[in-house]
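Listed below, chain by chain, are the residues.
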Number of protein chains: 2
Amino acid sequence: MRVRLEDVARATGVSPKTVSRVLNEEPSVKESTRQRVLAAMESMNYRPSPAARGLAGSRSFLVAMLYDNNDNPASTYLAEIQDGVLDVCDANRYSMMVCPLRLRGKDFIRRLDALVAEHHIDGVIMTPPLTDDAPLLHRLKEHGVPHASISPQRREGSIGVCMDEPQAAKALVQHLIELGHRRIAHIVGIANHGASRWRLQGYKEALTAAGLPYDPDYVVQGEFTFGSGVMAARELFALPQFPTAIFAANDDMAAGVMWAAYERGLKVPRDLSVCGFDDTPMATQLWPPLTTVRQPSREMGKLAALQLMELLRGRGTGLLVQVPYSLQLRESTAAPPQAQG
Amino acid sequence: MRVRLEDVARATGVSPKTVSRVLNEEPSVKESTRQRVLAAMESMNYRPSPAARGLAGSRSFLVAMLYDNNDNPASTYLAEIQDGVLDVCDANRYSMMVCPLRLRGKDFIRRLDALVAEHHIDGVIMTPPLTDDAPLLHRLKEHGVPHASISPQRREGSIGVCMDEPQAAKALVQHLIELGHRRIAHIVGIANHGASRWRLQGYKEALTAAGLPYDPDYVVQGEFTFGSGVMAARELFALPQFPTAIFAANDDMAAGVMWAAYERGLKVPRDLSVCGFDDTPMATQLWPPLTTVRQPSREMGKLAALQLMELLRGRGTGLLVQVPYSLQLRESTAAPPQAQG
DNA sequence: GACAGAAATGACAGCGCTGTCAATTGGCGC
DNA sequence: GCGCCAATTGACAGCGCTGTCATTTCTGTC
């Protein structure tokens with residue numbers, strides 16, 4: 001019925017253990033034997049049973065992608081990452097499980113324990129804000145499960161992938177300044193996300209670099225959601241002298257800002273410049289298309305998974321790879337209404 | 001180290017096999033024994049090893065979610081479905097694997113074979129357009145893998161979940177007609193999706209019911225993507241007498257229509273009414289908010305998974321559950337520019 | 001050409017569970 | 001109180017692989 005390792009062994013005239021060695025790319029197998037075994041595997045269309053491998057061996061060939069499905073409004077972000085991770089897992093003959101966690105609910109540690117206990121997970125990929133949850137990280141360390149992070153806040157000691165977000169945000173705001181804007185507002189994201197901090201930081205740095213004052217009234221809290229962008233924008237529009245440009249910490253909130261602008265009868269970019277961050281598909285689908293920063297999520301998922309694979313292979317200790325950002329200058333930003341000094 | 005079934009057996013004073021029976025909810029276990037075993041499992045925090053269960057038994061407790069990541073632009077749709085499926089799997093102690101297939105590439109059958117051969121998948125959840133791919137269905141039948149579908153085209157013999165899409169589309173177009181529209185265009189979706197057929201059908205039925213003529217010029221082909229919506233709208237705007245309302249087969253294309261309208265200087269809904277289908281988050285984030293049909297994707301994922309669970313439990317033969325739709329009347333539709341007759 | 005040591009291979013048990021089939025127990029009629 | 005059948009439980013092998021450790025086959029050396 002099913003082709004087993006033993007069948008391949010018999011066909012090749014070697015012991016099952018040797019076939020196992022070839023399967024697991026263990027070093028001490030003579031090249032000629034290796035080739036014969038591989039050929040037999042191929043011709044017999046042999047497929048190792050993950051269950052048996054997991055049961056007998058120490059590895060499960062399973063990685064879990066952990067994410068917080070409370071605090072991740074932009075499903076496209078997660079979907080793209082998942083896609084990238086899956087790609088790399090597939091290529092490396094690993095399976096991937098998706099595992100939504102709820103940081104707020106306090107059972108997420110138990111969910112993790114269950115995952116490790118039941119499935120013997122080999123490794124974990126995490127997305128923000130899980131990447132920086134101390135209890136979670138601690139537990140992973142206790143379990144001894146290797147993990148790679150996407151955009152973790154702590155750079156030292158982290159493995160995975162990141163972007164120079166402060167620099168990207170700074171460049172974006174500098175673009176606004178170059179267009180002539182002086183009253184630039186910022187809508188911050190959810191507090192425990194590194195992205196929120198970095199983007200705010202870049203905003204501040206750009207102002208400082210240009211010698212512009214930092215006005216706390218121009219910095220309002222959002223939640224990375226469209227709705228929170230609307231609310232934040234309304235708040236800003238209520239200021240006696242409202243900004244000529246708004247930099248929202250992500251595209252969803254930027255879309256909310258544009259919505260609120262229309263609601264108020266403001267034309268973008270004539271009356272107000274708007275920019276976001278992430279370059280989700282939505283960015284090019286807004287009217288006018290949104291100026292933003294491209295973040296290559298799919299690629300980042302791949303890179304994080306690749307780092308994890310390195311760890312699992314026992315080669316090296318894993319890196320925190322940095323991917324380049326790129327500004328996407330579109331029609332939602334322009335010179336401010338009245339040229340000021 | 002690890003708590004095994006044998007440990008639970010010893011603690012309860014029964015044989016491992018009896019514990020196994022309890023674990024698998026087999027009938028012939030005395031209730032008192034059952035309770036004792038369950039109590040021991042609980043107190044010892046016993047977690048069965050899926051690998052061992054899969055290896056020894058005939059079930060793997062694994063279901064795969066199959067989707068085509070070529071032809072599914074709306075990642076939120078898939079993400080929501082995945083979320084729903086995952087929910088139900090979790091609750092039933094099943095694991096879920098996600099498995100993107102590419103119908104176009106001809107290796108997808110091999111991918112499926114590998115999935116079945118390696119992981120001994122217990123069941124499959126499919127999304128359009130996979131639900132109606134003959135070779136795929138045939139192969140699943142050959143493998144004897146139970147499967148549930150989300151919005152399959154063939155109603156008879158299918159198991160899973162669906163919506164009365166023709167009726168929903170008809171109701172939507174009737175709404176336009178009631179508003180006074182007479183020249184209503186439709187943008188069709190990708191050809192091999194049932195959704196495309198059903199929504200077109202509903203469109204036609206509404207016209208017929210109202211005694212309006214069917215004008216082929218008013219029906220243009222799209223691909224469910226934003227970009228294709230833009231193109232289709234431009235095509236329609238090029239007609240000598242262009243429509244006063246456009247019904248796009250999904251929200252993404254409707255967004256494209258609105259984009260194209262702005263591009264041409266048309267105001268929605270003053271100059272043009274636009275409506276979509278699906279009620280993705282985007283629908284409320286457009287300006288003006290989009291009139292559309294709500295499709296409860298998450299719920300549909302759950303229901304399909306529940307049907308699959310029924311199948312896997314051996315209870316009943318599985319149903320094709322129908323979920324209700326609901327019209328979301330928002331500001332993108334209004335009376336046509338000039339009241340006609 | 002014999003020998004040490006490395007390289008390559010194999011024998012065997014067992015991972016944690018379930019399927020099969022046999023054994024035990026309990027209930028009931030007479 | 002005995003026999004019979006159904007309900008309940010248990011013994012045991014084995015799923016397909018890998019870890020451990022033993023064994024064989026090469027190298028090169030003196």
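None of these values were measured; they are calculated from a predicted model.

## Some points on helix α6 (residues 108-119) of chain A
Alright, step 1. Taking 1.5 Å of rise per residue, the 12 residues of α6(A) would be expected to cover 16 Å, and the 16 Å separating its terminal C-alpha atoms lies within 8% of that figure.
Alright, step 2. Counting buried residues in α6(A) gives nine out of 12 residues, a clear majority hidden from the surface.

## Digging into the relation of the copies chain B and chain A
Alright, step 1. In the superposition of chain B on chain A (RMSD 0.1 Å, axial shift 0.0 Å), the rotation amounts to 180 degrees. What we have between these two chains is a two-fold relation. For chain B, the residue whose C-alpha comes nearest the rotation axis is B:Ala51, separated from it by 2.2 Å.
Alright, step 2. Most of the interface of chain B is mirrored in chain A: 100% of its interface residues are interface residues there too.

## Let's talk about the protein's contact with DNA strand C
Alright, step 1. For DNA strand C, the set of nearby residues contains 26 residues, the closest of which are A:Arg21, A:Thr33, B:Leu5, B:Ser20 and B:Tyr46.
Alright, step 2. In DNA strand C, atoms within 4 Å of the protein come 66% from sugar and phosphate.
Alright, step 3. Measuring from a base oxygen of DNA strand C, one finds a side-chain N or O atom of A:Arg21 at 2.6 Å.
Alright, step 4. A distance of 3.3 Å separates a base oxygen of DNA strand C from a polar backbone atom of A:Ala56.
Alright, step 5. Listed by contribution, the elements that provide at least two residues to the surface near DNA strand C are α2 (16-23) and α4 (50-56) of chain A together with α2 (16-23) and α4 (50-56) of chain B.
Alright, step 6. Here the residues of the surface near DNA strand C are counted per class, giving 10 nonpolar, nine polar and seven charged.

## Examining the sheet that holds strand β7 (residues 219-221) of chain A
Residue and element names in this part refer to chain A.
Alright, step 1. Pairing within the open sheet is parallel, and its four strands lie in the order β7-β6-β8-β9. In this open sheet, the two strands that pair with only one neighbour each are β7 and β9 (273-275). Each adjacent strand pair in this sheet contributes to an overall mean axis angle of 20 degrees, direction not counted.
Alright, step 2. In this sheet, strand β8 (residues 245-248) lies alongside strand β6 (residues 184-188) in parallel orientation, the contact comprising four bridges. Bridged to His186 within β8 is Phe247.

## Here we look at the domain arrangement of chain A
Size of an interface: often given as the accessible area lost when the parts come together.
Residue and element names in this part refer to chain A.
Alright, step 1. Each domain of chain A was delimited in the assignment, giving domain 1 (5-48), domain 2 (62-162 + 297-323) and domain 3 (165-295).
Alright, step 2. On a C-alpha basis, the centroid separation for the pair domain 2 and domain 3 is 29 Å.
Alright, step 3. The contact between domain 2 and domain 3 buries some 1100 Å² in all, and 53% of this surface belongs to carbon and sulfur atoms.
Alright, step 4. Remark: the boundary between domain 2 and domain 3 carries zero salt bridges.
Alright, step 5. Inspection of the region where domain 2 meets domain 3 yields three residue pairs in polar contact (both at pLDDT 80 or more).
Alright, step 6. Counting only elements with at least two residues in the side of domain 2 that touches domain 3, the list comes to α5 (75-91) and α13 (297-313).
Alright, step 7. When residues of the side of domain 2 that touches domain 3 are assigned to their parent elements, the largest contribution, three residues, is made by α5.

## What to know about the interface of chain B and chain A
Alright, step 1. Of the residues lining the interface, 43 residues belong to chain B; the matching set on chain A comes to 43 residues.
Alright, step 2. Buried surface at the junction of chain B and chain A, summed over both partners, amounts to about 3400 Å²; 57% is from carbon and sulfur atoms.
Alright, step 3. Together, B:Glu118, B:Gln285 and B:Trp287 form the three largest contributors to the area buried by chain B at its contact with chain A, with a combined 19%.
Alright, step 4. The interface formed by chain B and chain A contains six salt bridges.
Alright, step 5. Put simply, chain B and chain A have nine residue pairs in polar contact (both at pLDDT 80 or more) between them.
Alright, step 6. Mapped by element, the contributors of at least two residues to the side of chain B that touches chain A are α4, α5 (75-91), β2 (95-101), α6 (108-119), α11 (251-263) and α12 (282-285) of chain B.
Alright, step 7. For the side of chain B that touches chain A, the leading source of residues is α5(B), giving eight residues.

## A few points about the packing of helix α10 (residues 226-237) of chain A against helix α11 (residues 251-263) of chain A
All names here are of chain A.
Alright, step 1. The geometry of α10 relative to α11 is characterised by a closest axis approach of 7 Å and an angle of 50 degrees between their N-to-C directions. With respect to α11, the element α10 is oriented oblique. In this structure, the crossing between α10 and α11 has a hand that is right-handed. Residues Phe226, Ser228, Gly229, Val230, Ala233, Arg234 and Phe237 of α10 form the contact with α11, whose own contacting residues are Asp252, Met253, Ala255, Gly256, Val257, Trp259, Ala260, Ala261 and Glu263.

## Let's talk about the protein's contact with DNA strand D
Alright, step 1. Among the 26 residues in the neighbourhood of DNA strand D, the closest are listed as A:Leu5, A:Ser20, A:Tyr46, B:Arg21 and B:Thr33.
Alright, step 2. In DNA strand D, atoms within 4 Å of the protein come 65% from sugar and phosphate.
Alright, step 3. At a separation of 2.5 Å, a phosphate oxygen of DNA strand D approaches a polar backbone atom of A:Leu5.
Alright, step 4. At 2.8 Å from a base nitrogen of DNA strand D is found a side-chain nitrogen or oxygen belonging to A:Lys17.
Alright, step 5. When residues of the surface near DNA strand D are traced back to their parent elements, those giving at least two are α2 and α4 of chain A together with α2 and α4 of chain B.
Alright, step 6. Looking at the surface near DNA strand D residue by residue, the classes come out as nine nonpolar, nine polar and eight charged.

Scoring rules and cut-offs
- Residues numbered from 1 in each chain as written.
- Chains lettered and ligands numbered in written order.
- Predicted model: local features only at pLDDT ≥ 70, side-chain atom pairs only at ≥ 80, totals over all residues.
- Heavy atoms only, no water.
- Helix = DSSP H or I, 4+ residues; strand = E, 2+ residues; numbered from the N terminus.
- Expected span 1.5 Å × (residues − 1).
- Buried < 20%, exposed > 50% of the residue type's maximum accessible area, 1.4 Å probe, protein only.
- Least-squares fit on C-alpha atoms with pLDDT ≥ 70 in both.
- Contact = heavy atoms within 4.5 Å.
- Near = heavy atom within 4 Å.
- Polar contact = N/O pair within 3.5 Å; in protein donor to acceptor, adjacent residues only side chain to side chain.
- Nonpolar A, V, L, I, M, F, W, Y, C, P; charged D, E, K, R; others polar.
- Pairing = 2+ DSSP bridges.
- Axes fitted to C-alpha atoms, helices over the stretch in contact; angles between N-to-C directions.
- Domains from an automatic or database assignment.
- Buried area = accessible area lost by both parts, 1.4 Å probe.
- Salt bridge = Lys/Arg side-chain N within 4 Å of Asp/Glu carboxyl O.
- Parallel < 35°, antiparallel > 145°, perpendicular 65-115°, else oblique.
- Left-handed = near helix turned anticlockwise from the far one by under 90°.

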